[in-house]
Amino acid sequence: MIQKRFQKAEFAAWIGIIGNILLALMKGIVGFMAGSKALIADAVHSASDVAGSFAVLIGLRAAKMPPDDDHPYGHGKAESIAAIIVSVLLMIVGVEIGISSAKSIYYGVEQPPAGYALIAIIISMIVKEAMFQYKYRLGKQLGSQALITNAWEHRSDVYSSLAAFVGVGGAMLGAYFGIGYLVYLDPIAGLVVSVMVLKMGYSLVMEAIHNTMDHVLHQEDAEELLKTVQRVKGVIAVDDLRAREHGHYVIVDVKISVNPRITVMEGHDIAKAVKQTLMKRFFHVSDVFIHVNPYDPGYPYKNNADSEQDDFPTLLH
């Protein structure tokens, strides 16, 4: 199941890499020939997505590595780290776009972009929206934060292309009707794109940082895990259950109570059944740590002083 998950995620990453390379080349060439600052900025944005997709691919492959002595819990956080890299790259490109557009506004615009720039923008919007829908749904299905982050990059490209469309179209209309100030819509659109990119990048980097830190699932999210453990044969009670997110997957710590008169081997078999059941039913659960307690009907209301007064025989006395 986990291997299949990584194969799907890597395939999606490669689709993003190839698609963004083709779009960046198309928009860059057309933008240069048409003289559109907004389209060139949009091409740079798509080029940054190539680097972002490579970061996701590296993160996925690192997360697939088995646990070792230095990383006993695996390398799952590599995806979140990759998501942070993608987000920072997005913000850097946003600053570059803003500076370039501001320079164009300051130094003036001589003529509007050529009309065929609009065709390139429309094609870009259709392709990027399709890539967003595919990666976002797959990221949700696989529980991959890096894929979801990368998907939102595609959506930000749709918004930036929309701003470029308005800028290029407005500049062309200004030239056609002799309204000089409308020609500035093209670099203004580039400036709008930069602000959108910075806002999106900031939101994504904060979310990625949050996911890098271990945090316990909310009670409603862990409720199904708890019910599953309670249904395992031999489990009398679940004393405690904590599920913490570790990158794209979840690690479960659970304390169960069993019959105090069974053997250690039988208690071990029950714990093993609990672990296998959770990992088989929930594909995002990567490991389960179980502590087995003897069932105490008085817990947690039993007074500790009572246990001290009892004199239980042991092997030592």
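Look above for the structure.
Here's a quick rundown of the structure. Bear in mind that the values here come from a model prediction, so they are computed numbers and not experimental data. Along each chain, the written sequence defines residue order, and numbers are assigned to residues from 1. Where totals are concerned, whole chains, interfaces and linings use all residues; where local detail is concerned, this predicted model gives features only for residues with pLDDT of at least 70, and gives and counts side-chain atom pairs only at 80 or more. Based on all heavy atoms of the structure, the side-chain values leave hydrogens and waters out of the count.

## Some points on the pattern of salt bridges
By salt bridge we mean one thing: a side-chain nitrogen of Lys or Arg within 4 Å of a carboxyl oxygen of Asp or Glu. Using the criterion set out here, one finds seven salt bridges in the structure. Notably, a salt bridge pairs Arg281 with Glu224, separated by 3.0 Å at the nearest N-O pair. Here the residue Arg281 occupies a position in helix H8 (residues 264-281), and Glu224 occupies one in helix H7 (residues 219-230), the gap between them amounting to 57 residues. Overlapping salt bridges, with partners in common, bring together Glu224, Arg231 and Arg281 in one network. We count a stretch as a helix when DSSP gives it H or I for four or more residues in a row; a strand needs E for two or more, and each element gets its number in order from the N terminus.

## Some details on the packing of H7 against H8
Note on geometry: axes are C-alpha line fits, over the in-contact stretch for helices, and angles between N-to-C directions span 0 to 180 degrees. Running from N to C, H7 and H8 point in directions that differ by 140°, and their axes come no closer than 10 Å. With respect to each other, H7 and H8 are oriented oblique. By crossing handedness, the relation of H7 to H8 is classed as right-handed. Judged by residue contacts, Glu224, Leu225, Thr228 and Val229 of H7 engage Val274, Thr277, Leu278 and Arg281 from H8. Partitioning the contact of H7 with H8 into residue classes produces four nonpolar, two polar and two charged. An angle counts as roughly parallel when it lies under 35 degrees, as roughly antiparallel when it exceeds 145, as roughly perpendicular when it falls between 65 and 115, and as oblique in every other case. If you view the pair so one helix is near and one far, a crossing is left-handed when the near helix is turned anticlockwise from the far one by less than a right angle, and right-handed when it is turned clockwise. Any two residues whose heavy atoms approach within 4.5 Å are treated as being in contact. Gly falls in the polar group here, along with every residue not listed as nonpolar (Ala, Val, Leu, Ile, Met, Phe, Trp, Tyr, Cys, Pro) or charged (Asp, Glu, Lys, Arg).

## Points about the packing of aromatic side chains
In this scheme Phe, Tyr and Trp rings, the latter by its six-membered ring, pair at centre separations within 6.5 Å, and the angle between planes marks the pair as stacked below 30 degrees, edge-to-face above 60, and tilted otherwise. Counting across every chain of the model gives four aromatic pairs. For the ring pair Tyr136 and Trp152, a centre distance of 5.9 Å and an interplane angle of 80° mean the geometry is edge-to-face. Remark: Trp152 occurs in helix H5 (residues 145-177) and Tyr136 occurs in helix H4 (residues 116-142); sequence separation between them is 16 residues. Buried, partly exposed and exposed residues are distinguished by accessible area as a fraction of the type maximum, computed with a 1.4 Å probe on protein chains only: under 20%, between the cut-offs, and over 50%, respectively. Looking at Tyr136, the relative accessible area reads 24%, which means it is partly exposed. Linked through ring pairs, Phe132, Tyr136 and Trp152 together constitute an aromatic cluster.

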